[in-house]
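Geometric and topological summary
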Amino acid sequence: MAQPDGGLPKSPIGQWLAHLRASRPLRLLLLIGGLSVAVLLAATVHYIASMHEREIKGAERELSTLNLSLAEQTTRAMQSVDLVLTTIVEQMKSEGIATPGDYVRRMGGRDTHQMLRARISGLPQLDAVTMIAADGHLINFSRYYPIPPVNVADRDYFAYLRDHDTAEPFISEPVQNRGNGSWTIYLARRISGPDGSFVGLVLGAIELSYFERLYKALQPDGDGSISLWRRDGILLARYPFLPDIGRPLGQRLFLEVLQKARSGVYLAPIGLNDGPRLVATRALADYPLVVNVTRKLEAVLSEWRIQAWTIGAAGTIGVAALLLSLWALARQFSAYEAATQAMDAARRAVEGRERAEHALRQSQKMEAIGQLTGGVAHDFNNLLQAIGINLHVIDSRSDDERISGPARLALQAVERGATLTQHLLAFSRRQQLRPIPVDVAGLVERVSRLLGRTLGQSVRIEVEVAPGLWAAMIDPTQLEMALLNLALNARDAMPGGGTLWITAANRTVAADAVPNLSAGDYVTLRVCDTGTGMPAEVAARAFEPFFTTKEVGRGTGLGLSMVHGLATQSGGGVELDSRPGRGTTVTLYLPRALTEPAAAPAGGTGAGETAATGIGSGGDVGAGAGCAVLLVDDEELVRTATAEYLAQAGFSVREAADASAALSLLDHGFRPDVIVTDHMMPGMTGLDMARALRARQDATPILMVTGYAQDLTTAAAAQEVALTVLSKPVEPSRLARSIRHMAAAED
Ligand SMILES: Nc1ncnc2c1ncn2[C@@H]1O[C@H](COP(=O)(O)OP(=O)(O)OP(=O)(O)O)[C@@H](O)[C@H]1O
Ligand SMILES: [Mg+2]
């Protein structure tokens, strides 16, 4: 798969992440979605947890309530037994029994036995009542008479109560009946003499199965249990039944709870015989007994578990649905974004193409106008050349001021016409340029000094040249002229005064950054004014030759077209930025020179002979004596005028109307010292003719006078055939001088 960035192929996740980084709305969407999912999850978990807590709390409340009533019933059962014992003790006190002897003597009879039997009837929990003497033997017993000879001095209750003068009842360890296996505890009370001495005991035997029956009737739920404990952790009774009765079951958790409070609820991680249980524990107020009620945690939570699963499943489905919609939404959104981007790109492409087409049309239009004006200028140049030379001849032949005066005036008009044709040729890119490395900073400084005098007081001139400015490859004379044209335009646009900035800087242009300008290094020269600016329709045509908004006689419309021609012919460009009321900025892009400029030319122009286009009078007539010239030109007017002038100047001139005529003259043995030729001629051009001559080893010096310097601008073309080039129109005396120099060099 081809990757646009040329790197490794990205995984789908990588692509997604890149997409996410690029799109802020998508990030926002995912953030909101993620938050919603988190909230939904948290809400579900919280709800399930609070339901769990509610369920446990409810079970705890239920267990505590049940435990309270069980504790009360247990207490009541014990109190009934205790009441029997205390009644007996009170009765003995009232009867004055105060010594162990009294006790044995007065309580051992059958009547006492009858009384004991009567007392226990109606109390199902009270199995028997026993009276015990201070030495441990039985005095009386509710179950049998006569009394069996039994001694209980070794029992825990006897030892404790004998040694402790206490009014509190004592509860014995459970004892198992060896016959039927049933369990019994004893509630014992001490009988003390008035001096506190030990008289004996009364003892109630409580069968623990009573409590098992009681608890069975009150059993909370199928999974519940109720148990009775002594405070020291010995199990006394339990429903459902456990075979651990009478055994101290270690350090039970409820003992810890009861150290701090009378009652409490806690979670026992491991029950007596199975998993975790919820336990409500309560200590009885009057007896060292504890009642515990428990439920299996699993059973307590069974309903909650079903609800939790249901809600959890619903929550999960909700989250999944949310994630799915989020995913779908994100995909939809990405697709939408991609489509929008594609549309944007398409729109930009269309706009770009339209811009390019517009620029192309514009440059084609300029090209067409260029060709037209170039043709006109060329013909016009020839005419000027002919007129100029003839006027010069008239002027030189007449001493009559009435004739030579108007001739000189006419020559001045011809000179102005020549300047115009130069501009035209500049626009049509057919003037001969002499690009050399130019120090633009120096040139700008010279021109701005000149402008200071020309533009007048009302225009302030600000010059700013970037340090380290590159040299530009350009014809310096033409550049000066261009700068002058721009400054004059700015002045015209600021009739009430203003500021003119001339700035120069380096700029590296990327491909397609500036219309019609190839990528590379340029020196930019910017002329900016605070004038009226141009409406769009004027700006669109400003570079066209002859386009002017100025009144007749004030503007020719050639200033900007010359600037345009110079910049483009030199391999640079020009940009115009102007809006009505906001001033105008013209930026010239001059190609950077690869070599440094020679020492700054003092006179200002670095251009060669072509720049001097004057056809003014004067010159050394007669200088050409003895020099043979072959004059080749298809324009008869120009040719004959030039021939006449040269003949008058002492040259011996032969004329040829085209290149082939010239070649045949040469073939017939004519040996001129110099060949003077036009370039553009029907059939063979001047350059072609020169090549043909050089090909035949003919080294006759050739001077080319042409309006079309374009083809010869490249020094290489001229050097190849050793040509000297002069631009039309050329001052006749200068022509004569050039011919003479060339002939002399040959000699
Ligand atoms: N700096 C400027 N501010 C406002 N308008 C301008 C500016 N420069 C040029 N123009 C407009 O562009 C037109 C063409 O300018 P251009 O220099 O080619 O010809 P011109 O100034 O009219 O005549 P000339 O040949 O004397 O320079 C001007 O007539 C003017 O309307
Ligand atoms: Mg102008």
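Note that the structure is predicted; figures quoted are calculated from it, not measured.

We now examine the overall build of the chain. Within the chain, the regular secondary structure consists of 19 helices and 23 strands. The C-alpha radius of gyration computed for the chain amounts to 66 Å, which surpasses the reference 27 Å derived for 747 residues by more than 25%, pointing to a less compact arrangement than a globule. Dimensions of the chain, computed from C-alpha atoms along their principal axes, come out at roughly 195 × 55 × 45 Å. By element, 56% of the accessible surface of the chain is carried by carbon and sulfur atoms, the whole surface being about 37,300 Å². With 71 positive and 78 negative side-chain charges, the chain shows a separation of 10 Å between the mean positions of the two kinds.

Moving on: the sheet that holds strand β23 (residues 723-727). Backbone-to-backbone hydrogen bonds pair the strands of a sheet. The strands run either parallel or antiparallel. Pairing is parallel across the open sheet formed by five strands, whose spatial order is β20-β19-β21-β22-β23. The open sheet has two edge strands, β20 (652-656) and β23, and neither has a second partner. On average, each strand axis in the sheet is inclined to that of its neighbour by 20 degrees, with strand direction left out of account. With five bridges joining them, strand β19 (residues 628-632) and β20 adopt parallel strand pairing. Counted as the bridge partner of L631 is E655 from β20. With respect to the sheet, helix α17 (residues 686-695) is in contact with β19, β21 (674-677), β22 (702-706) and β23, its orientation differing from that of β22 by roughly 170 degrees.

Segmenting the chain into domains produces domain 1 (56-300), domain 2 (435-607) and domain 3 (628-746). Spacing between the C-alpha centres of domain 1 and domain 3 amounts to 152 Å.

Right, let's get into the site of ligand 1. The local shell around ligand 1 holds 19 residues, among which N489, T548, T549, K550 and T556 are the closest. One nitrogen or oxygen atom from the side chain of N489 is found 2.7 Å from an oxygen atom belonging to ligand 1. T548 has a polar side-chain atom sitting 2.6 Å from an oxygen atom of ligand 1. Considering ligand 1 on its own, with 590 Å² of exposed area, one finds that the protein chains cover 89% of that surface. The class makeup of the residues in the shell around ligand 1 is eight nonpolar, nine polar and two charged.

In the segment running from Y145 into P146, the intervening peptide bond is cis, with an omega of 5 degrees. Its place among the elements puts P146 in the loop between β2 (138-141) and α5 (156-163). Cis geometry is found at the peptide bond from Y239 to P240, where omega equals -5 degrees. Secondary-structure assignment places P240 in the loop between β8 (235-239) and α7 (253-260). Even without being a glycine, F546 presents a positive backbone phi close to 70 degrees. Structurally, F546 is set in the loop between α13 (536-541) and α14 (559-569). We note that Q697 has phi near 65 degrees; this positive angle belongs to a residue other than glycine. Counting through the fold element by element, Q697 comes out in the loop between α17 and β22.

Moving on to the packing of aromatic side chains. Given two aromatic rings, one states the distance between the centres and the angle between the planes to describe the pair. Counted according to the given criterion, the structure contains nine aromatic pairs. Ring geometry for F333 against Y336: centres 6.2 Å apart, planes inclined by 45 degrees, an arrangement best described as tilted. Placement of the pair is F333 and Y336 together in helix α9 (residues 302-397), with a separation of three residues, close to one helical turn. By relative accessible area, which is 23% here, F333 ends up partly exposed. Judged by centre distance (6.1 Å) and plane angle (90 degrees), the rings of Y522 and Y589 are edge-to-face. Taken together, the residues Y522 in strand β16 (residues 520-529) and Y589 in strand β18 (residues 584-591) connect sequence positions 67 residues apart. Aromatic ring contacts, followed pair by pair, group Y210, F211 and Y215 into a single cluster. R592 extends its terminal NZ or CZ atom over the ring of W470, reaching a point 4.0 Å from the ring centre. In this structure, R654 packs its charged tip against the face of F670, placed 5.0 Å from the ring centre.

Here strand β1 (residues 126-133) runs beside β2; their pairing, made up of three bridges, is antiparallel. The residue of β2 that forms the bridge with I132 is L138. Linking two consecutive strands that pair antiparallel, namely β1 and β2, is a turn of four residues; a positive phi of about 100 degrees is found at G136 within it.

Between side chains of opposite charge, a pair can form as their charged atoms come close. Taken as a whole and judged by the stated rule, the model has 25 salt bridges. A salt bridge links R460 to E462; the nearest nitrogen and oxygen atoms lie 2.4 Å apart. In this structure, R691 and D688 form a salt bridge, with 3.6 Å as the shortest nitrogen-oxygen distance. Placement of both R691 and D688 in helix α17 is noted, with a separation of three residues, approximately one turn of the helix. Judged by relative accessible area, which is 34%, R691 ranks as partly exposed.

On to the nonpolar core. Counting residues in hydrophobic clusters, the biggest one holds 58 residues, and the most contacted among them are Y103, M131 and F211. Beyond its immediate chain neighbours, meaning those up to four positions away, F211 contacts T74, A77, M78, I206, L228 and A237. Core analysis: the next-biggest nonpolar cluster, separate from the first, contains 44 residues, V438, V527, V563 and A567 among them.

Both strand β15 (residues 498-509) and β16 contribute to a ladder of 10 bridges, which runs antiparallel. The residue of β16 that forms the bridge with V509 is G520. Where β16 lies against β18, eight bridges are found, and the strand directions are antiparallel. Within β18, the position partnered with Y522 by the bridge is P591.

Residues L372, V376, F380, L383, I387 and L637 make up a contiguous nonpolar surface patch of about 570 Å² in total accessible area. With five residues, α9 is the single largest residue contributor to the nonpolar patch. Along the chain, V376 turns up in helix α9.

For the rest of this paragraph, the subject is the environment of I306. By the secondary structure assignment, I306 is in helix α9. A relative accessible area of 57% means that I306 is categorised as exposed. With 27 residues separating them along the chain, I306 and V279 place their C-alpha atoms 23 Å apart.

Scoring rules and cut-offs
Residues numbered from 1 in each chain as written. Chains lettered and ligands numbered in written order. Predicted model: local features only at pLDDT ≥ 70, side-chain atom pairs only at ≥ 80, totals over all residues. Heavy atoms only, no water. Helix = DSSP H or I, 4+ residues; strand = E, 2+ residues; numbered from the N terminus. Rg over C-alpha atoms; globule rule 2.2 N^0.38 Å. Areas by Shrake-Rupley, 256 points an atom, 1.4 Å probe, with all protein chains shown as cover. Lys, Arg positive; Asp, Glu negative; His and termini not counted. Charge placed at Lys NZ, Arg CZ, Asp CG, Glu CD. Pairing = 2+ DSSP bridges. Axes fitted to C-alpha atoms, helices over the stretch in contact; angles between N-to-C directions. Contact = heavy atoms within 4.5 Å. Domains from an automatic or database assignment. Near = heavy atom within 4 Å. Polar contact = N/O pair within 3.5 Å; in protein donor to acceptor, adjacent residues only side chain to side chain. Nonpolar A, V, L, I, M, F, W, Y, C, P; charged D, E, K, R; others polar. Phe/Tyr/Trp six-rings, centres within 6.5 Å; stacked < 30°, edge-to-face > 60°. Buried < 20%, exposed > 50% of the residue type's maximum accessible area, 1.4 Å probe, protein only. Lys NZ or Arg CZ within 6 Å of the ring centre and 35° of its normal. Salt bridge = Lys/Arg side-chain N within 4 Å of Asp/Glu carboxyl O. Core = buried A, V, L, I, M, F, W, Y, C linked by side-chain atoms within 4.5 Å. Patch = residues over 30% accessible without salt bridge, like charges linked within 9 Å, V, L, I, M, F, W, Y side chains within 5 Å.

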